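Observations on the three-dimensional arrangement
What follows is each chain in one-letter form.
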Amino acid sequence: MLSRGTYGIEYDENRNTGYQKYGWLTVLIPVLVLIVIFTRSCKPPPNEDPAQATRFDAPEVSVNRESVSLRRHFFGNWFGSSASSTNTPAAALEKDAPPALPKTSKRIPAQIQKLLDQALADEQAGNLADARLTFLHLLGQNETAELYPFIERKIGQINSTLFFSKQPVPGKTTHTVVRGDTPGRIAQRFGCTQEFIMEVNGIERPETMRIGALLQVLDSPVFELRISKADASARLTLNGEFFNRYALVTGGADIPPAGNYTVRNRGKRTLDHSDIWTGLPDDKPRHPQDICWITLSPSGITLQGTRNISADAPAVRFRNPDIDELFLLLPNGTPVVIAE
């Protein structure tokens, strides 16, 4: 028992528990860990091994890789960045950008630049008829001489789309099928090929054509094909206007002698199943099961694709899609000029 008297409280520093003595470390250590993570996330990503980077980089689109960052995740808006801008693919950013023009040695005048921009914008928006007219206008300007290959390529792409579809374009007209019509008779009336009529209007067999059907046909077309040995290319015009340019597969030395020729006849043969085209995609014919060629008079020169056909006379070789297009467009009697 305690005896009566006065007592006091003394502090014994040697009796502190471990938790009381080192409790401040339980707060300091998490703080240090957070500081380390925060500072490391702010550093740029380390340099990659070039060999490893080559294995995983896509050939067309280069994507910037970013390390995980707590700073960007929690404080991105405070530092002027956002998740949407950092995660947007490069392809999505360039999707709506118009194609870049090739560089020229001279500065393009402002008015010409405006027309070029308008033509590219119309093409991208699907207004192909307007884009075609603008490109044709630019093709005759001296200021765009260095851009002629680019402009010709654009016109050729647009023409191949417009003329082989049911979209209206100058040079085509609409014909209503009446009793007694056949693709051959309609072709003779309008001066085009029956193969073009069947291709554009989706007619597989002449007997399936219905009375009253609306057909897209070429309206009295006047084509001319000029083959240049120097350029190893062929330039096609329609009614005096540029239509398309085709690169030849062989060099100029392999082209038959220069002279003036005309289309005498056009041939097409359906291949056996074992012979159907299985080559390069960019040389795939319009119809892989068919092989087409064009014979010229008076010498019997043939215009043909990269596939071999039986021909004793010299030949001018085109890519298979190009000879298929020429086969559909050029009626018998079309002038063909081979120039040095």
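Residues numbered from 1 in each chain as written. Predicted model: local features only at pLDDT ≥ 70, side-chain atom pairs only at ≥ 80, totals over all residues. Heavy atoms only, no water.

**A closer look at the overall build of the protein**
For the protein, the helix and strand inventory stands at twelve helices and ten strands. Across the protein, every contact between residues at least 6 apart in sequence was considered, and the portion connecting residues at least 24 apart equals 61%. On the protein, roughly 22,000 Å² of surface is accessible, and the fraction owed to carbon and sulfur atoms is 53%. (Helix = DSSP H or I, 4+ residues; strand = E, 2+ residues; numbered from the N terminus. Contact = heavy atoms within 4.5 Å. Areas by Shrake-Rupley, 256 points an atom, 1.4 Å probe, with all protein chains shown as cover.)

**What about unusual backbone geometry?**
Cis geometry is adopted by the peptide bond preceding Pro 298, which originates at Ser 297 and carries an omega value of 15°. One non-glycine residue with positive phi stands out, namely Ser 220, at about 50°. Following the sequence through the fold, Ser 220 ends up in the loop between β2 (214-218) and β3 (223-228).

**Let's talk about the packing of aromatic side chains**
Counted by the stated rule, this structure contains four aromatic pairs. Ring plane angle 85° and centroid distance 6.0 Å describe the contact between Phe 223 and Phe 243, whose orientation is recorded as edge-to-face. Residue Phe 223 is found in strand β3, and its partner Phe 243 is found in strand β5 (residues 241-247); the two are separated by 20 residues along the sequence. Classification of Phe 223 by relative accessible area gives buried; the value is 3%. Among the aromatic residues, those joined into a cluster by ring pairs are Phe 163, Phe 223 and Phe 243. A cation over a ring is seen here: Arg 266 above Phe 327, with NZ or CZ 4.7 Å from the ring centre. In this arrangement the basic side chain of Arg 286 is found over the ring face of Phe 164, its NZ or CZ atom lying 4.5 Å from the centre. (Phe/Tyr/Trp six-rings, centres within 6.5 Å; stacked < 30°, edge-to-face > 60°. Buried < 20%, exposed > 50% of the residue type's maximum accessible area, 1.4 Å probe, protein only. Lys NZ or Arg CZ within 6 Å of the ring centre and 35° of its normal.)

**Thoughts on a nonpolar patch on the surface**
Together, Val 27, Leu 28, Val 31, Leu 32 and Ile 35 make up an exposed nonpolar region whose accessible area comes to about 420 Å². Examined against the element boundaries, Val 27 turns out to sit in helix α2 (residues 25-42). (Patch = residues over 30% accessible without salt bridge, like charges linked within 9 Å, V, L, I, M, F, W, Y side chains within 5 Å. Salt bridge = Lys/Arg side-chain N within 4 Å of Asp/Glu carboxyl O.)

**Remarks on helix α12 (residues 320-329)**
The buried fraction of α12 is high, at nine of ten residues. For α12, the set of buried residues is Asn 320, Asp 322, Ile 323, Asp 324, Glu 325, Leu 326, Phe 327, Leu 328 and Leu 329.

**Quick word on the nonpolar core**
One finds Ile 227 and Leu 329 to be the most contacted residues of the largest nonpolar core, which totals 63 residues. Ranked by the residues each element gives to this core, the list is headed by helix α8 (residues 128-139), at six residues. Residues contacting Ile 227, with those up to four places away along its chain left out, are Ser 233, Ala 234, Leu 248, Ile 255, Leu 303, Val 316, Val 336, Val 337, Ile 338 and Ala 339. (Core = buried A, V, L, I, M, F, W, Y, C linked by side-chain atoms within 4.5 Å.)

**Side note on the sheet that holds strand β10 (residues 335-339)**
The eight strands are arranged β5-β4-β3-β10-β6-β7-β8-β9 in an open sheet whose pairing can be described as mixed. The sheet is open, and its two edges are formed by β5 and β9 (315-317), each paired on a single side. Shown here is a sheet whose adjacent strand axes are inclined to one another by a mean of 30°, direction ignored. As paired elements, β3 and strand β4 (residues 233-238) share six bridges and run antiparallel to each other. Bridged to Arg 226 within β4 is Arg 235. Of the strands in this sheet, β3, β4, β5, β6 (259-270), β7 (290-297) and β8 (302-304) are in contact with α12, which crosses β5 at around 145°. (Pairing = 2+ DSSP bridges. Axes fitted to C-alpha atoms, helices over the stretch in contact; angles between N-to-C directions.)

**Thoughts on the packing of α8 against helix α9 (residues 148-162)**
One can describe the packing of α8 onto α9 by two numbers: an axis separation of 10 Å at closest approach and a directional angle of 150°. By the criterion of interaxial angle, the relationship of α8 to α9 is roughly antiparallel. In the crossing of α8 with α9, the sense of the turn from one axis to the other is left-handed. Where α8 abuts α9, its residues Leu 128, Ala 129, Ala 131, Arg 132, Phe 135, Leu 136, Leu 138 and Leu 139 lie against Tyr 148, Ile 151, Glu 152, Lys 154, Ile 155, Ile 158, Asn 159, Thr 161 and Leu 162. (Parallel < 35°, antiparallel > 145°, perpendicular 65-115°, else oblique. Left-handed = near helix turned anticlockwise from the far one by under 90°.)

**Quick look at the environment of Gly 333**
Note that Gly 333 resides in the loop between α12 and β10. Gly 333 sits 71 residues away from Thr 262 along the chain, and the two C-alpha atoms are 5.4 Å apart. Residues in contact with Gly 333, not counting those within four places in the same chain, are Thr 262 and Val 263.

**Some words on the confidence of the model for the protein**
Summarising the model, the protein shows a mean pLDDT of 81, and 73% of its residues fall at 70 or more. Within the model, the stretch residues 77-95 combines pLDDT values under 50 with nine contacts to residues more than four positions away or in other chains. (pLDDT = per-residue confidence, 0-100.)

**Quick word on the side chain of Thr 334**
Summarising the element assignment, Thr 334 is placed in the loop between α12 and β10. Looking at Thr 334, its side chain comes within polar contact range of the main-chain oxygen of Pro 331, at 2.7 Å. Not counting the four nearest positions on each side in its chain, Thr 334 is found in contact with Phe 223, Glu 224, Tyr 261, Thr 262 and Val 263. (Polar contact = N/O pair within 3.5 Å; in protein donor to acceptor, adjacent residues only side chain to side chain.)

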